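# Architecture and fold: a report
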Amino acid sequence: MTCSKGRPLRAWATGASACVLVLLGAGIAVQPGAAQAQEAASAVQDVTLQDVTLTFGDTVLKAPRLTASGTRLSKDELTALLKPGPGESWAARLVRLDAASLAMPELRVERTGGAGATPVVTYRDVVARDVRAGRAAELTAAGASILLEGGPQKGTGTYGRMRATDLDLTVLARLYGEPGDGKSALQRIYATFAVDDIAYVDARGTAVKIARIEGRDLSGRQIPATWTGALQAFTAVDYERLAPPERARLMSLGADLAEAVSVGSLEATGLSVQEAKPRDAFSLGIARLGMTGSGVLLEDIHFAGVDGAKARLARLSLDGFSLGPTVAALRKLATLTTPPSDAELRLLTPALGTLALKDLSLDLPPEAKAPRDPAEKVLADRTAPAPAGLHVGLRDGSMNFAPPRDGVPTAGRLSLSGLTLPASAVAGVPGLGSLGLYGYSDLDLALVADTAWDEAARELKLGEVSVSGKDMGSLRINGMIGGIGPEVFNPDVAVSSFAMLSATAKALDLTIENTGLFDRFIDRKST
């Protein structure tokens, strides 16, 4: 939910979209009974307003024409309802809106009075259908254009068709405009939403595209600062120069926002980012990104950078993720009167759960070594073969972390299989650097590290620490290491290194299996 200093458009666009939705109205429940139904039917009419202008803080909405079809409101009543200025809250107004549809051929949303760039979003053919009792059964727009004018972050972009269903406009109005205690129940904002063909290009030529975003069951709760106030607080903030009171306020706001949003699911397809500047040129693509309450899934990720660096990953998933520890840490840090220490900042570590990778391929260009003089360069060009790059592959990988304690996971398991790389890549690694001497040009390795820390006993259990290689063998260690207290995990390297000096092996079981390495070692020594 936070907004970076360099990209103010994102947070602003969120607030602007809320203002658009607020404009589109809600309705009153129809009273039962034949008499009431007949009276309502006789009062239904179409009302058109010209040059509608609404102001929400520094955000202005302008609609050259707004048509309410099938409404019981007169033109004067509708004009008064949409009249800007002090008075009733938007949530209170929305319950009096009633229409079969609200239509605006064009809706321009712009921010005024802000420093730097001035974003403008123009929506086309905006229609809210079946607006009743504060809810729109459907909200659609044919598309939108984005223009960010002025300042170093100038850029342009477009949206394709947009659609939301079961949109509760009164909930949106309360979240963005009315403060709450931050403890009330979550309220659903919409059932589903979808946006097609998103594209944006900034002033330096960086292009971002998303073929489609869709989600369901977005809910929120009111917070003391309101969503609008919290988002604005994070805009254009110089975090390095924050005074302690302002830093504490932002940490508290961050915790409020993190707990105020719940997303049932979110999926984006066809993501791409391209940087055009030659020195920084790169391209990143993700075929699919999916998010649920506690998990993230990315499929078919590919990256290409300068000098021929390439990477591809078939699948990356994160399960069991939680911001609970981070929110608790933000609440704690907000009470500090001095800048937080490294150990206190480490408390912001979330619960990571399980991170899994599948089919990773990484190609790195060879390191370029400049000749010492022109004569050497000429000789190198004539005689030296072209240096080879480095290729690293991984078939499967997973990392599982127990919930952190004081920012440190107390247990974890790392498993890598099908790790392939040239023997020359580990030439300087103790124990592996000599493998090239025994005839191994390419390595195919598997690694496992399963550990658990018992703080009370000051012990580190090695459930399994093993390494194995194709046509080599395996080495496995099980045991218990004592003298491992919290100071071992101190962020100060000097403190943690000194604490490790008191570690002792209380139990150790070493198993070695030969499937070829020992034979090659004997052959090498006998020649």
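Check the entry above for the structure.
A brief structural summary. Fair warning: this is a prediction, and the values are worked out from it, not measured in the lab.

### Re the pairing of strand β14 (residues 310–319)
- Bridge count for strand β13 (residues 295–304) against β14 is nine bridges, and the pairing is antiparallel. Within β14, the position partnered with Leu297 by the bridge is Ser317.
- Linking β13 to β14, which pair antiparallel, is a turn of five residues; within it Asp307 sits at a positive phi near 65°.
- In this sheet, strand β15 (residues 353–364) lies alongside β14 in antiparallel orientation, the contact comprising nine bridges. Bridge assignment links Leu313 to a residue of β15, and that residue is Leu360.

### Section: the pairing of strand β16 (residues 390–401)
- Note that β15 and β16 share eleven bridges and pair antiparallel. When the sheet's bridge partners are listed, Gly353 is paired in β16 with Phe401.
- With seven bridges connecting them, β16 and strand β19 (residues 411–422) associate as antiparallel partners. Bridging across to β19, Ser398 finds its partner in Ser415.

### Quick word on unusual backbone geometry
- Of note in this structure, Asp197 is not a glycine but carries a positive phi near 50°.
- Along the chain, Asp197 falls in strand β9 (residues 187–202).
- Residue class for Asp197 comes out exposed when judged on its relative accessible area of 52%.
- Here Arg458, not a glycine, exhibits a phi torsion of approximately 55°, which is positive.
- What makes Arg458 partly exposed here is its relative accessible area of 33%.

### Examining helix α5 (residues 169–177)
- In terms of burial, α5 is largely enclosed, as seven of its nine residues are buried.
- When we look at burial in α5, the residues that qualify are Leu169, Thr170, Val171, Leu172, Ala173, Leu175 and Tyr176.

### A word on the side chain of Ser101
- Here Ser101 is to be found in strand β3 (residues 99–111).
- Once residues within four sequence positions are removed from consideration, Ser101 is found in contact with Thr67, Ala68, Ser69, Val127, Ala128 and Arg129.

Cut-off values and rules
- Residues numbered from 1 in each chain as written.
- Predicted model: local features only at pLDDT ≥ 70, side-chain atom pairs only at ≥ 80, totals over all residues.
- Heavy atoms only, no water.
- Pairing = 2+ DSSP bridges.
- Helix = DSSP H or I, 4+ residues; strand = E, 2+ residues; numbered from the N terminus.
- Buried < 20%, exposed > 50% of the residue type's maximum accessible area, 1.4 Å probe, protein only.
- Contact = heavy atoms within 4.5 Å.

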